[in-house]
Amino acid sequence: MQETDIRPSAAAAEGVRAADARPAGALPRHWPLLLLGAAVVPGVLLVLVGRSLDEPAVQAWRTVCLAVTVQALPFLLLGTALSGAINAFVPARVFSRLLPRRAALAVPVAGMAGVVLPGCECASVPVANSLIGRGVTPAAAFAFLLSAPAVNPVVLTATAVAFPGSPEMVLARLLASLVTAAAMGWLWLWLGREEWLKPSVVRHTGHVPGRSRFTEFRRGFQHDFLHAGGFLVVGAMAAATFNVAVPRTLLDTFAGSPWLSVLFLAALAILLAVCSEADAFVAASLSGFSPVARLAFMVVGPMVDLKLIALQAGTFGRAFAVRFSAATAVVAVVCSALIGGVLL
């Protein structure tokens, strides 16, 4: 049988050698054309499409979307920067040293820690996983997981800006979120089972010896900002679409009923998955709903949404994520209705 020559040709070998000789991270050969196309093509499409989108409804959509994004962006920037700084400069073992040894007391202390330690939803899941791996009781770790993105200073300041002249809204959000976080921690102590937590590799969230702290800060900040910024834009677009496209009769159906409005905005918060640093501005734009319903939107969103459910399922297991998310949604709605009914 005649053997087939499988050796590469001289041209192919030269191409392989040229590709290997290219340094890692080098730009493609035709990068100027790619850059020009990326700059020109979207602009041309926007101009062509924009000429046919001068209807009042489209203009209203653009105004709402831009207003929500511009108002929320500074708080998102500050929140992710603080979260990245804590990730790089504050070791995770600090939390375990500050918590009481008794689990029942550690739960509210961990919940209160979220008031002074900012963190976004995306960072709270790996931080909670790391705390459990360092010996912190899961109930306290879960209380911190829920409270950190909901009651940190950046979120409360953003809420005060989004609802000017309404300090009772800020107080209601703080109390409802803290009560929900503590209640879920105690509920885990009562009904939680270790077999619901899948064995997982603890991801380090503090400083790694030998690495630059500034590099860790930069990478953490970049990841959190780009990840949360995408959800912010999507949430702003969804809020604008909701304000413009949803018929007023449908809104009146839900807004006219106290309980239906609360349940509707709670479900909307789960679907929109808006970053906690920005959800107050989205809630403020839903002016047709009652203050209690908008409070439920701000309390449920940072604790239960689609991206958080996915993160929890990947970190702790699907059995945990389904039970914990469902219970958190119910507790958050009840706490929002009770506390909002008293304060608002």
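Residues numbered from 1 in each chain as written. Predicted model: local features only at pLDDT ≥ 70, side-chain atom pairs only at ≥ 80, totals over all residues. Heavy atoms only, no water.

### Concerning the overall build of the protein chain
From N to C terminus, the protein chain includes 16 helices and zero strands. Of all 344 residues assigned to the protein chain, the portion counted as buried reaches 42%. Partitioning the intrachain contacts of the protein chain with sequence separation of at least 6 by distance along the chain shows that 82% fall at a separation of at least 24. By element, 69% of the accessible surface of the protein chain is carried by carbon and sulfur atoms, the whole surface being about 18000 Å². (Helix = DSSP H or I, 4+ residues; strand = E, 2+ residues; numbered from the N terminus. Buried < 20%, exposed > 50% of the residue type's maximum accessible area, 1.4 Å probe, protein only. Contact = heavy atoms within 4.5 Å. Areas by Shrake-Rupley, 256 points an atom, 1.4 Å probe, with all protein chains shown as cover.)

### A short note on the pattern of salt bridges
This model, assessed by the stated rule, comprises one salt bridge. Here Arg173 and Asp279 are joined by a salt bridge, their closest N and O atoms 2.9 Å apart. With Arg173 in helix α9 (residues 167-191) and Asp279 in helix α13 (residues 279-285), the pair connects residues that are 106 residues apart, well separated along the chain. The exposure class of Asp279 is buried, given its relative accessible area of 1%. (Salt bridge = Lys/Arg side-chain N within 4 Å of Asp/Glu carboxyl O.)

### Looking at the packing of aromatic side chains
Going through the model one piece at a time under the given rule, you end up with 10 aromatic pairs. Ring geometry for Phe142 versus Phe316: centroids 5.5 Å apart, planes at 85°, classification edge-to-face. You can see Phe142 sitting in helix α7 (residues 138-151) and its partner Phe316 sitting in helix α15 (residues 306-316), a full 174 residues away along the chain. With 6.0 Å between their ring centres and 65° between their planes, Trp188 and Trp196 make a pair best called edge-to-face. We classify Trp188 as buried; its relative accessible area is 9%. Counting every residue linked through ring pairs, the aromatic cluster contains Phe142, Trp188, Trp196, Phe316, Phe320 and Phe324. (Phe/Tyr/Trp six-rings, centres within 6.5 Å; stacked < 30°, edge-to-face > 60°.)

### What to know about the layout of surface pockets
The volume enclosed by the second largest pocket comes to roughly 150 Å³. Contributing elements (two or more residues each) for the lining of the second largest pocket: α9 and α16 (318-343). Across the lining of the second largest pocket, the residue classes tally to eight nonpolar, one polar and one charged. (1 Å grid on protein atoms, 1.4 Å probe; cavity = no way out; pocket = protein on both sides within 12 Å on 5 of 7 lines; lining within 4 Å. Points joined across faces, edges and corners; volume = space filled by probe spheres on them. Nonpolar A, V, L, I, M, F, W, Y, C, P; charged D, E, K, R; others polar.)

### Comments concerning the confidence of the model for the protein chain
Chain-level statistics for the protein chain give a pLDDT mean of 76 and a share of 68% at 70 or above. Considering each helix and strand of the protein chain separately, the mean pLDDT is smallest for helix α1 (residues 10-21), with a value of 48, and largest for helix α14 (residues 291-300), with 94. Below a pLDDT of 50 lies the segment residues 18-22, which in the model reaches one contact outside its immediate sequence neighbourhood of four places, other chains included. (pLDDT = per-residue confidence, 0-100.)

### Description of a nonpolar patch on the surface
Together, Leu171, Leu175, Val342, Leu343 and Leu344 give the surface a local cluster of nonpolar side chains, amounting to about 400 Å² of exposed area. Here Val342 lies in helix α16. A relative accessible area of 69% places Val342 in the exposed class. (Patch = residues over 30% accessible without salt bridge, like charges linked within 9 Å, V, L, I, M, F, W, Y side chains within 5 Å.)

### Some details on the environment of Arg193
You can see Arg193 is positioned in the loop between α9 and α10 (213-245). A relative accessible area of 47% means that Arg193 is categorised as partly exposed. Sequence separation between Arg193 and Phe320 is 127 residues, and the spatial gap between their C-alpha atoms is 9.1 Å.

### So, the environment of Leu226
For Leu226, the position within the fold is in helix α10. The class for Leu226 is exposed, based on a relative accessible area of 58%. Note: C-alpha distance between Leu226 and Leu77 (149 residues apart in sequence) is 9.8 Å.

### Notes on the nonpolar core
If you look at the biggest cluster of nonpolar residues, it comprises 73 residues, and the most contacted ones within it are Phe297 and Phe316. No other element matches the 11 residues that α7 contributes to this core. Look past the residues within four positions of Phe297 in its chain and what remains in contact with it is Leu265, Leu268, Ala269, Leu272, Asp279, Val282 and Ala283. (Core = buried A, V, L, I, M, F, W, Y, C linked by side-chain atoms within 4.5 Å.)

### A closer look at α15
All buried positions along α15 are accounted for by Lys307, Leu308, Gln312, Thr315 and Phe316. The arc enclosing the buried residues of α15, seen along the axis, measures out at 130°, which places them on a common side. Gly317 occupies a position one or two residues after α15 and carries a positive phi of about 110°. (Arc of directions from axis to C-beta.)

### Brief notes about helix α12 (residues 258-272)
Here α12 is 15 residues long and its end C-alpha atoms lie 21 Å apart, about the 21 Å a rise of 1.5 Å per residue gives. Those residues of α12 not exposed but buried are Ser261, Val262, Leu265, Ala266, Leu268, Ala269, Ile270 and Leu272. (Expected span 1.5 Å × (residues − 1).)

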